[in-house]
Amino acid sequence: MQLRAQKGYDTVKIYFPINITRLDTAATKKLDSIARFASNRIMLVYGYADYLGYEPSNMDLAITRAENVKQYLIDHKVDRSRFLVCEGIGQVSRNVNRSPEGFPEDRRVDVFIRRGNDAPPPQTKDTTASAPKKGMKVMEFTEEARLVPVKPFEEEVDVVPGGNTAYKRKPQKPLTPEQVKENGIFNKLGDLQPNDVMRVQNIYFLPTRHIITKESVPIVLQLLATLKNFPNLAIRIEGHVCCVRGDSDAMDTDTYELSLSINRARHIYEFLIANGISADRLEYIGFARRRPIIPFEKTEQDAQVNRRVEIRVLRN
């Protein structure tokens, strides 16, 4: 069995055939090694499926695979308390030519094993920060990415009133037509009151990661332009995740922390600071899955509604 070191965790990958959730001989050999040599360590178990089939059934596959791995380890003398998380992540989306064989690497369960005997569970909490966390990646945009055309998508934004009707905001200078085009979907931000929220569901992230997709670069550039065009505007970036049970956060496979919602919000926060927006105009926070719009995701569309970033106006 090979263990791959990653930021405090070792990782064991358990693979499955197409549409199969039961453990084969190769899988049980790996799990026997975990039970023998790592039974006193904290474990995180995540199940996946590839693009074959439909999203709801793939989520069921992922959950069942993860639960079968966990149960096998419990049956082989790993104490139930060692499992901090056992979740199905579901289908991994990949931009590849599809084939009837699917993508074998994605039909798997990842078992993250915290290094050290009797290691305590990693702690996560909702928090804001005044400065980027050390070691976090700040996204890098190439010159080519900066030239991606920016188009408004007003229909993809939902504004939620915050209820602060007594606030008198400072007048902003009228925007030029060029600035309005630059702002795109964020034009409404200049008119919102403190505590009003704008839901933005076209900032997409790579699955299980805090890095945005290339298609989302123009949207983040729109947010940057809006903050430059409205100098009185201060915002909080709020991250949300989908598809985990309860109200826990999800695993960020870039940092191997249970803080995916926080890291996604912080990713955008760090980009804005790196591009000239003052930190005293920005906050970020992660709400994990405590504020779902759709309580139980049944389709990928449901998941995307909950897997979102919201922009909360702090002052304007």
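Each residue is numbered by its place in its chain's sequence as written, counting from 1. Side-chain atom pairs in this predicted model are given and counted only at pLDDT of 80 or more, local residue features only at pLDDT of at least 70, and totals for whole chains, interfaces and linings cover all residues. For side-chain calculations, the full set of non-hydrogen atoms in the structure is used, while hydrogens and water are omitted.

1. Some points on the overall build of the protein
If you tally the helices and strands in the protein, you get seven helices and 10 strands. Burial status follows relative accessibility: with a 1.4 Å probe on protein chains alone, a residue under 20% of its type maximum counts as buried, one over 50% as exposed, and anything between as partly exposed. Evaluated residue by residue, the protein yields a buried proportion of 49% over its 316 residues. Whether two residues are in contact is decided by their heavy atoms: any pair within 4.5 Å suffices. The contacts in the protein between residues at least 6 apart in sequence include a share of 78% that link residues at least 24 apart. Using a 1.4 Å probe, accessible areas were evaluated by the Shrake-Rupley method; residue-level cover was limited to the displayed protein chains. For the protein, the computed accessible surface area is about 15,700 Å², with 52% contributed by carbon and sulfur atoms. Only DSSP runs of H or I with at least four residues qualify as helices, and only runs of E with at least two residues qualify as strands; both kinds are numbered from the N terminus onward.

2. As for the packing of aromatic side chains
For any pair of aromatic rings, geometry is given as the distance between the ring centres together with the angle between the planes. Classification of ring pairs uses Phe, Tyr and Trp, with its six-membered ring standing for Trp, and accepts pairs whose centres are within 6.5 Å; under 30 degrees between planes counts as stacked, over 60 as edge-to-face, and the remaining range as tilted. This model, assessed by the stated rule, comprises two aromatic pairs. Centre to centre, the rings of Tyr46 and Phe112 are 5.9 Å apart; their planes meet at 65°, and the pair counts as edge-to-face. Here Phe112 lies in strand 5 (residues 108-114) and Tyr46 lies in strand 3 (residues 43-49), a separation of 66 residues in the sequence. The burial state of Tyr46 is the same as that of Phe112; both residues are buried. Comment: the charge-over-ring label is applied if NZ (Lys) or CZ (Arg) is within 6 Å of the ring centre and within 35 degrees of the ring normal. A cation sits over an aromatic face here: Arg108 above Tyr48, 4.2 Å from the ring centre.

3. A short note on unusual backbone geometry
Here Lys77, not a glycine, exhibits a phi torsion of approximately 75°, which is positive. Secondary-structure assignment places Lys77 in the loop between helix 2 (55-75) and strand 4 (83-91). For Lys77, a relative accessible area of 72% corresponds to the exposed category. Within the chain, Asn195 stands out as a residue other than glycine whose phi angle is a positive 80°. Tracing the backbone shows Asn195 in the loop between helix 4 (177-183) and strand 7 (197-200). Exposure remark for Asn195: the relative accessible area of 36% places this residue in the partly exposed category.

4. Description of the confidence of the model for the protein
Note on scores: pLDDT gives the predictor's confidence for each residue, bounded by 0 and 100. Per-residue pLDDT for the protein averages 76, and the proportion of residues at 70 or more is 76%. For the protein, helix 3 (residues 143-146) is the element with the lowest average pLDDT, namely 30, and helix 1 (residues 25-37) is the one with the highest, namely 94. Low pLDDT, under 50, characterises residues 163-167; the stretch is placed with seven contacts to residues that sit more than four places away or in other chains.

5. Details of the nonpolar core
Residues belong to one nonpolar core when they are buried, are Ala, Val, Leu, Ile, Met, Phe, Trp, Tyr or Cys, and are joined through side-chain atoms within 4.5 Å. Judged by nonpolar contacts, the single largest core of 32 residues is most densely connected at Phe186, Leu189, Leu223, Ile237, Leu272 and Ile311. Only strand 7, helix 5 (217-229), strand 8 (234-239), helix 6 (260-274), strand 9 (282-286) and strand 10 (309-315) provide two or more residues apiece to this core. Sort the elements by how many residues they give to this core and helix 5 lands first, with seven residues. Here Leu223 is in contact with Phe186, Leu189, Ile235, Ile268, Leu272 and Ile311, once residues within four sequence places are set aside. By size, the runner-up hydrophobic cluster in this structure holds 21 residues, among which are Leu31, Ala38, Val69 and Tyr72.

6. Quick notes on helix 5
Expected helix span is computed as 1.5 Å times (number of residues minus one). Here helix 5 contains 13 residues, and its C-alpha end-to-end distance of 18 Å stays within 8% of the 18 Å for a straight helix at 1.5 Å per residue. With 12 of its 13 residues buried, helix 5 lies for the most part within the structure. The complete set of buried residues in helix 5 reads Val217, Pro218, Ile219, Val220, Leu221, Gln222, Leu223, Leu224, Ala225, Thr226, Leu227 and Asn229.

7. Side note on the environment of Asn187
Tracing the chain through its elements places Asn187 in the loop between helix 4 and strand 7. Spatially, the C-alpha atom of Asn187 lies 9.3 Å from that of Leu223, the residues being 36 residues apart in sequence. N or O atoms closer than or at 3.5 Å make up a polar contact, with two conditions inside protein: a donor-capable atom paired with an acceptor-capable one, and, for residues adjacent in sequence, both atoms drawn from side chains. One polar contact links the side chain of Asn187 to the main-chain carbonyl oxygen of Gly184, over a distance of 3.3 Å.

8. Remarks on the side chain of Arg264
Looking at where Arg264 falls in the secondary structure, it is placed in helix 6. Asp and Glu are treated as the negative residues and Lys and Arg as the positive ones, with His and the ends of the chain left uncounted. The term salt bridge refers to a side-chain nitrogen of Lys or Arg lying within 4 Å of a carboxyl oxygen of Asp or Glu. An unpaired buried charge is present at Arg264: no salt bridge exists, and Asp252, the closest side chain of opposite charge, is 7.0 Å distant. Setting aside residues up to four positions removed in sequence, Arg264 forms contacts with Phe205, Leu206, Thr208, Arg209, His210, Val241 and Arg307.

9. Concerning the pattern of salt bridges
Any two side chains of opposite charge can pair, on the condition that their charged atoms come close. Evaluation of the coordinates by the stated rule reveals eight salt bridges. Here Lys13 makes a salt bridge to Asp110, at a shortest N to O gap of 3.3 Å. In this pair, Lys13 sits in strand 2 (residues 9-15) while Asp110 sits in strand 5, placing the two residues 97 residues apart along the sequence. On the accessibility criterion, Lys13 (22% relative accessible area) is partly exposed. Residue Asp110 is classed as buried on the basis of its relative accessible area, which comes to 2%. Linking Arg108 and Asp110 is a salt bridge whose minimum nitrogen-to-oxygen distance equals 2.9 Å. Taken individually, Arg108 and Asp110 each receive the classification buried, so the pair is uniform in this respect.

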